[in-house]
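Commentary on secondary and tertiary structure
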Amino acid sequence: MSEYNAPSKDIFFVLNELSALSEINALPGFEDATPDLIEAVIEEAARLANGVLSPLNQQGDETGAKVEDKKVIPVAGFADIYSAFVEGGWPALPFDPARGGQGLPELVACAANEIWQAANMSFALCPMLTEGAAVAVNIHASEKLKDIFLPKLISGEWTGTMNLTESQAGSELAAVKTKAEPREDHYLITGQKIFITWGDHDFTDNIVHLVLARLPDAPAGIKGISLFIVPKYLVNQDGSLGERNDVYPVSVEHKLGIHASPTCIMSYGDNGGAVGYLVGEPHSGIACMFTMMNHARLAVGVQGLSISERSYQQAREYAKERTQGHAIGQEGRVSIIHHADVRRMLMLMKSGIEAMRALCYVCAASLDFSHHAETDEIKAKHVARFALLTPVVKAWCTELGQELSSLGVQIHGGMGYVEETGAAQHFRDARITTIYEGTTGIQAMDLVGRKVIRDSGKSMQNLLEDMREIEGKISALDDKDIKTFEQRYSNGIDALENATKWLLENYQSDADAPGSVAVNFMMLMGTICGGWQMARAVLVAKDKISKGDDDPDFYQSKIISARFYGDHYLPRASAYLGSIVAGSESTMALDEAQF
Ligand SMILES: Cc1cc2nc3c(=O)[nH]c(=O)nc-3n(C[C@H](O)[C@H](O)[C@H](O)COP(=O)(O)OP(=O)(O)OC[C@H]3O[C@@H](n4cnc5c(N)ncnc54)[C@H](O)[C@@H]3O)c2cc1C
């Protein structure tokens, strides 16, 4: 199995040239985040990922986590990785220094997350959820709860989990049944949660579960759900650990991938009730949890990028080594990278990854601008942009991750299908990413319903204007090298504009239209957002080359990658548009009995 090497050069290209790192560094609150510091941070993250996290990835897959005596037994060696991770101060990266954080931009945390997830996705889920829990506690919990729990989550001394799902409540969280009974200064939680990632382990001496439950007087449905902190061990007034709380892992799931990440059934209150503390107002749990989920959605979108990169690195190496067949103009047998069809697959991986990376980072940058920009107007623009892009990053990058990790297997031929090479692990690990944190369908409906229809397409219009501005700049270059790309990019923006117009004109007359077209709409938008980022990369690359940059090969490869994206991804836009304007008629025409 090939090991992972963080693609630092590509990461710095996107950080510095496409996601406005220098502008973010100049924002209030980020004065200390100098370019030198950020370079050192990314290089150090790469060292830890390449040298410590990645080597345990395959072993984690082969061994898997298990439950014994109501305790999760993690894969051997994972506790040591976790210690190294905490000693490096990594959990604290994007948090406020006043709470023990390092005060670095979300953009930098996003780049670090790409690296962790590619090196060892099963492991990286643990700090990813802890970070999300810390964000939710920071925004919604009382000062008293923050004082107890936040510094420990930020330092990584304790980990955090997200407990939403129950057997009858998956996509439909309104069906949550777990109960919370008020007591003097706390609540008693009873119920069962399923599929809880890293629900238990022995890396830390406490775990902070964030749990959705219902108060006795709760209204039915989504407006009756509250959020609670339920620690594995109670915390005494002096901060020391007290009694074991009444929450235990019952079992872990046997599953397709991410074997080293324990996916737990968690039982609350088998012995009278688990002590919990209310976060935020009663019945406002979904809003609080959305803070955590939006955070996690961006992070899971990044997993789509990461697993594609990991799979690509392995496929690229194999394609250079494996000898098979003959190629035109070559003497003797050749390595398979000489075959045009293998090139096609590698280029789909390479250019798709570059587009995803830029889109993920630009989305993370919007999060920074939305919090730190100097005017309310810029903040508002980025609040809307982050909201619009988040479901696209989550769903498009993870769907593309399926395609690209499958190509990673295909490039290996039969050796991809057997476990020995490790290519199959990436394909299996990738599969969960379109399911958890809201399935692709749920993300696409969020995009269509809440982000496009609800504001009558205003945020989308702003985005289209930004895309058109880049189109104008590409056209102004008047460069025959990129004429075809320019044409396809322009057609793609037209397709997205037409799809948006069609949606806004038809959603009222055809109630099934939004649900029927949502995924194609999201895929269209992802594809064109990717084209937008590739167009921006072309502008940078052309500029660098014209100014005599000393690494012209690197920039030339960015232009070729964008041209390939124009030739092989952007033409998909017209197919997505064709499906969208077909509406719901044939999708909904069969009776249930006809299936
Ligand atoms: C490995 C793993 C880790 C997980 N980690 C966590 C965790 O840490 N915490 C946690 O709380 N949960 C976790 N989950 C749960 C995960 O978030 C859910 O599985 C996911 O949200 C989907 O819910 P479900 O499985 O009940 O599927 P369902 O909701 O039953 O969906 C089944 C299918 O129906 C579609 N569907 C459902 N409702 C609609 C609708 N209204 N309109 C259109 N289509 C619809 C879905 O898109 C999907 O294709 C995890 C799951 C797994 C497998």
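Throughout what follows, the structure given in this document is the object of discussion. (Residues numbered from 1 in each chain as written. Predicted model: local features only at pLDDT ≥ 70, side-chain atom pairs only at ≥ 80, totals over all residues. Heavy atoms only, no water.)

If you check the shell around the ligand, you find 18 residues, and the closest are M162, T165, S171, F195 and T197. Within the contact set of the ligand, an oxygen atom lies 2.8 Å away from a backbone nitrogen or oxygen of L164. Between an oxygen atom of the ligand and a side-chain N or O atom of S171, the distance comes to 2.6 Å. In the complex, the protein chains occlude 62% of the 970 Å² of accessible area that the ligand would expose alone. (Near = heavy atom within 4 Å. Polar contact = N/O pair within 3.5 Å; in protein donor to acceptor, adjacent residues only side chain to side chain. Areas by Shrake-Rupley, 256 points an atom, 1.4 Å probe, with all protein chains shown as cover.)

In this structure, the largest pocket spans a volume of roughly 1000 Å³. If you trace the largest pocket, you find 36 residues lining it, with T165, I435, Y436, E437 and G438 closest to the centre. Looking at the lining of the largest pocket residue by residue, the classes come out as 19 nonpolar, nine polar and eight charged. (1 Å grid on protein atoms, 1.4 Å probe; cavity = no way out; pocket = protein on both sides within 12 Å on 5 of 7 lines; lining within 4 Å. Points joined across faces, edges and corners; volume = space filled by probe spheres on them. Nonpolar A, V, L, I, M, F, W, Y, C, P; charged D, E, K, R; others polar.)

A few words now on the pattern of salt bridges. Opposite charge on two side chains permits them to pair, given that their charged atoms come into close proximity. For the structure shown, the criterion picks out 35 salt bridges. Of the charged contacts in the structure, one is a salt bridge between D147 and R99, with a shortest N-O distance of 3.4 Å. Residue D147 is located in helix α8 (residues 143-155), and its partner R99 is located in the loop between α5 (78-87) and α6 (106-119); the two are separated by 48 residues in the primary sequence. The class of D147 is exposed, set by a relative accessible area of 52%. Taking the relative accessible area as the measure of exposure, R99 reaches 22% and is therefore partly exposed. When the shortest N-O distance is used, the salt bridge between E143 and K146 registers 3.4 Å. One end of the pair is E143 and the other is K146, both in helix α8 and three residues apart, which spans about a single turn. Here the residues in one salt-bridge network are D10, K350, E354 and K558, joined through shared partners. (Salt bridge = Lys/Arg side-chain N within 4 Å of Asp/Glu carboxyl O. Helix = DSSP H or I, 4+ residues; strand = E, 2+ residues; numbered from the N terminus. Buried < 20%, exposed > 50% of the residue type's maximum accessible area, 1.4 Å probe, protein only.)

Turning our attention to the packing of aromatic side chains. If you walk through the whole model with that rule in mind, you get 15 aromatic pairs. With a centroid separation of 5.7 Å and 80 degrees between ring planes, the pair formed by F13 and F554 is classed as edge-to-face. Of the two residues, F13 is situated in helix α1 (residues 8-18) and F554 in helix α18 (residues 552-568); the sequence distance between them amounts to 541 residues. F13 sits in the buried class, given a relative accessible area of 6%. With a centroid separation of 6.3 Å and 70 degrees between ring planes, the pair formed by F78 and F123 is classed as edge-to-face. With a gap of 45 residues between them, F78 in helix α5 and F123 in helix α7 (residues 121-140) connect regions that are remote in the sequence. A residue is classified by how much of its surface remains accessible, and F78, at 0% relative accessible area, is buried. Counting every residue linked through ring pairs, the aromatic cluster contains F78, Y82, F85, W90, W116, F123, W198 and F203. Its guanidinium or amino end placed over the ring of Y248, K70 lies 4.3 Å from that ring's centre, counting from NZ or CZ. In this structure, R244 packs its charged tip against the face of Y233, placed 5.5 Å from the ring centre. (Phe/Tyr/Trp six-rings, centres within 6.5 Å; stacked < 30°, edge-to-face > 60°. Lys NZ or Arg CZ within 6 Å of the ring centre and 35° of its normal.)

Next up on the list: the pairing of strand β5 (residues 187-197). Direction of pairing for strand β4 (residues 179-182) relative to β5: antiparallel, over a ladder of four bridges. Looking at the pairing, A180 lines up with I189 of β5. Following β4, the chain reverses through four residues before pairing antiparallel with β5. Alignment of β5 against strand β12 (residues 274-279), held across three bridges, turns out to be antiparallel. Paired with Y187 across the strands is G276, a residue of β12. The sheet contact formed by β5 and strand β11 (residues 263-268) spans five bridges and is antiparallel. From the neighbouring strand, Q192 faces β11, where its bridge partner is S267. (Pairing = 2+ DSSP bridges.)

Quick look at empty space enclosed by the protein now. For the coordinates displayed, the defined rule picks out three cavities of 30 Å³ or more. As a volume, the largest cavity reaches approximately 270 Å³. Surrounding the largest cavity, 22 residues form its lining, A109, N113, M128, E131 and H295 being those nearest its centre. When contributions to the lining of the largest cavity are tallied by element, the ones reaching two or more residues are α6, α7, α9 (285-321) and α10 (340-372).

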